[in-house]
Structures are given as C-alpha cells and as structure tokens.
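Per-entry structural report
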Amino acid sequence: MNDYAVSVVVPTCGRPELLNRCIEALCRQTLAPARYEIIIVDDRPHRQTADIVTQWRDSSAAPSLRYLPNHGQHGPAAARNLGWRSAQSSIIAFTDDDTVPAPQWLENALAALTPDAGAACGRIEMPLSGTPTDYERDAKQLETAEFVTANCLCRKSVLQKLGGFDERFRLAWREDSDLYFRLLEMGVTVVHAPRALVVHPVRPAPWGVSISQQKKILFDALLYKKHPRLYRQRIRGRARWDYYGIVAMLIATPLGLAAGYAPLALGAAAGWLFMTGRFCIKRLRGTSKSFSHVGEMIVTSALIPPCALYWRMVGAVRFRVPFT
C-alpha cells in the first residue's frame, strides 16, 4: 500500500461534463493532495473522458489521478470493483460522477471512520428550487437513505472479505443496499458521518422518465432473494397490492367484454379508473401543477402499474425467487 490516507473511486459512463465538475470538487479538498488519489473508472471508454482526466492530472494542484477503462460496460458495481481493487490505500471512498463533494468531504469522512468501524456513510444533499416534479421528489429521497455509494467509505480489507460489489446489479440500483446489508450481516460496524457532505444535484429528466425507471425493479428481486428479512424491514414491508389491483381491473375489463358480461366489464373499468386516479392524485400532491407535469402524471400513472409488475416478474424469473 502507498502512504495515501484514502483512495477515491468514481465510476463514470458517458457524462464528461458532469465528471469534470466532480473532479474539480475532488481537487479542491482540504485534505492535502499528497494524502489521497482519485481513480476514474470509465464504463464506456471514450477519448473525451480520458482527455478530461489527463487535463486534471497535468494540473500542478491535482492529487494523483488515474484513468481506468472498464471495457464491456458491466455497470457501476463492476466499475467500482475495478477501482477499489486497483487502489493503493487501505481506505476506499466512493462517490458518483454527477456529485459535487464539499471541500472538507474527505477530511470529515476520515475523521468519522473510527478504528473499530469498517465503513462510514456521509450526508447527501439534493437541492431543489421551486415546487418539485414527481421525479425530483422521488430522487430527493436519496437524502434519507441509510447507505449510498455516492458518499461512503469502506476499508479495503472489508471489501476483500465481502468480495466487493455484486456485479449482477447491472444498473445503478440496489447495489449499495446489497453492500450495506452484507456489511450488517457480517457484523461490520458502519458509522454515520453527517459532516462528510456530498451535494448531488438532481439531473434533468425526459418527459415520462418514471416508465423507464421501472426496469430497475428487477434488481429488487435480486436484493430480496439475497436479503429477504432486511428487504422487508428496510426497503418495502409488503407487496404493491395497489398495482396488482389496478392491473387486475385492467385485465378484467376486456375479458368481461369478450365474455359478454357487460356489468363485469363496466365495474372493472370503473375500478381501474378510480384506483388509477387515486394513484395519480397521490403523485401530484405537493408537486408541480404545470400542464406538462399533470399530463405526464396522468399518462404514467396508467402505465406504471403494468410496467412495474412486468419487471417484477422478469426479476422473479431471472433470479428464481418468489417476489411479489
């Protein structure tokens, strides 16, 4: 091991402008540059990303900075594994390419990592201006998460015992929860570092983004398979029976018509309309009432339940787990 106090691992994938902002914040740390290194793992190797790292590496004020191409686009879990295994410090700090670590982030995080602790999790801030959209409000929940890879420290020896991140989590979803649950199950002390701040601006999202986000649910199935008790305690205590009810009504409507049972079809359609409307109103409560956002909520509230159940079933089949 080198004399570095900490190695910072940052996975990135085709977001050079955001990465540049993150590296700038990392180079402004109050921790002396000679005491830490930065490892950029590119999950979509690109010349522009490599050039940004080279420009910062040539800066006289920058700490040691390395660029590692992760050929194959294996996802953030695999990228982080490549990063920490290449690290020269016994302590690994993780953040994301779209974050802005506060100047004292590393200094405060290291101070919080007591000798008996194997990991630490810092504080996330996601500033919003004005009334949020449903997407922004959902994203802001990251501030209250128990353990996130956008702001955490782990001893390298602990990561080695755990085998690092589970690379079956191919998207940026639940891989940090899985690591946290394995830390807890192994009896590792995880401390909180509220003074270790990372700002995580909410990125702009396209209209209807909540539909594409439903694909992440298949990795809930994997997390549930690995940690059923902790999943029910800390992620979701019960199944989304409202989704099942909405989809059941949706299916019953054409079936009733096909079978010639008009009252059944009418009742199912009314039930679907009522449950979907209630779901939409719940999502709109406390969020933007702009024409575009209201329209988005109406359309996506109708599509989310069937999409969510589809990906739930895909996850249950792929990972061979009864996941409801």
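Source: prediction; values computed, not measured.

Across the sheet, eight strands lie side by side as E3-E2-E1-E4-E7-E6-E8-E5; this open sheet has mixed pairing. In this open sheet, the two strands that pair with only one neighbour each are strand E3 (64-69) and strand E5 (100-101). Inspection of the sheet shows E5 paired to strand E8 (residues 190-199) by two bridges, in the antiparallel sense. Within E8, the residue paired with Pro101 across the bridge is Val198. Sheet strands touched by helix H2 (residues 47-57): strand E1 (6-12), strand E2 (36-42) and E3. Its angle to E3, the strand with the most contacts, is close to 165°.

Moving on, we get to the nonpolar core. Formed by 90 residues in total, the largest nonpolar core has its most connected members in Ile23, Phe147 and Leu183. If one sorts the elements of this core by residue count, helix H9 (residues 217-226) sits on top with seven residues. What Ile23 contacts, discounting residues up to four positions off in sequence, is Ile40, Ile52, Val53, Trp56 and Leu65.

The next thing to look at is helix H13 (residues 291-318). Helical geometry: 3.6 residues make up each α-helical turn, so side chains three or four residues apart lie on a common side. Compared with the 40 Å implied by 1.5 Å per residue over 28 residues, the 39 Å span of H13 between its first and last C-alpha is a close match. Downstream of H13 by one or two residues, Arg320 has phi in the positive range, about 55°.

To continue, consider unusual backbone geometry. Positive phi values are uncommon outside glycine, yet Arg174 reaches one of about 70°. Mapped onto the elements of the fold, Arg174 is located in the loop between helix H6 (156-162) and helix H7 (175-185). The residue Arg320 is not glycine, and still its phi comes out positive at about 55°. When you line up the elements, Arg320 lands in the segment after H13. The exposure class assigned to Arg320 is exposed, which follows from its relative accessible area of 74%.

Per the stated rule, a full pass over the model turns up 19 salt bridges. Residues Asp98 and Arg15 are paired through a salt bridge, measuring 3.9 Å at the closest nitrogen-oxygen approach. Highlighted residues: Asp98 in the loop between strand E4 (91-94) and E5 and Arg15 in the loop between E1 and helix H1 (16-27), separated in sequence by 83 residues. We classify Asp98 as buried; its relative accessible area is 2%. Salt-bridge contacts for Asp220 lead to Arg174; the nearest nitrogen and oxygen are separated by 3.1 Å. With Asp220 in helix H9 and Arg174 in the loop between H6 and H7, this pair connects stretches of sequence that are 46 residues apart.

The rules behind each value
- Residue positions within a chain follow its written sequence, with the count starting from 1.
- Residue-level local features of this predicted model are given only where pLDDT is at least 70; pairs of side-chain atoms are given and counted only at 80 or more, and the full residue set underlies all totals for whole chains, interfaces and linings.
- Neither water nor hydrogens contribute to the side-chain values; these are computed over all heavy atoms in the structure.
- Whether two strands pair comes down to DSSP finding at least two bridges between them.
- Each helix corresponds to a stretch of at least 4 residues labelled H or I by DSSP, and each strand to a stretch of at least 2 residues labelled E; elements are numbered beginning at the N terminus.
- Note on definitions: a residue-residue contact is assigned when non-hydrogen atoms from the two residues lie within 4.5 Å.
- Lines fitted to C-alpha atoms define the axes here, with helix axes fitted over just the stretch in contact, and angles between the N-to-C directions of these axes take values from 0 to 180 degrees.
- The definition of a nonpolar core used throughout is a set of buried Ala, Val, Leu, Ile, Met, Phe, Trp, Tyr and Cys residues joined through side-chain atoms within 4.5 Å.
- Only protein chains enter the accessibility calculation, which uses a 1.4 Å probe. A residue is then buried if its area is under 20% of the maximum for its type, exposed if over 50%, and partly exposed in between.
- An expected span of 1.5 Å times one less than the residue number is assigned to each helix.
- Any carboxyl oxygen of Asp or Glu within 4 Å of a side-chain nitrogen of Lys or Arg constitutes a salt bridge here.

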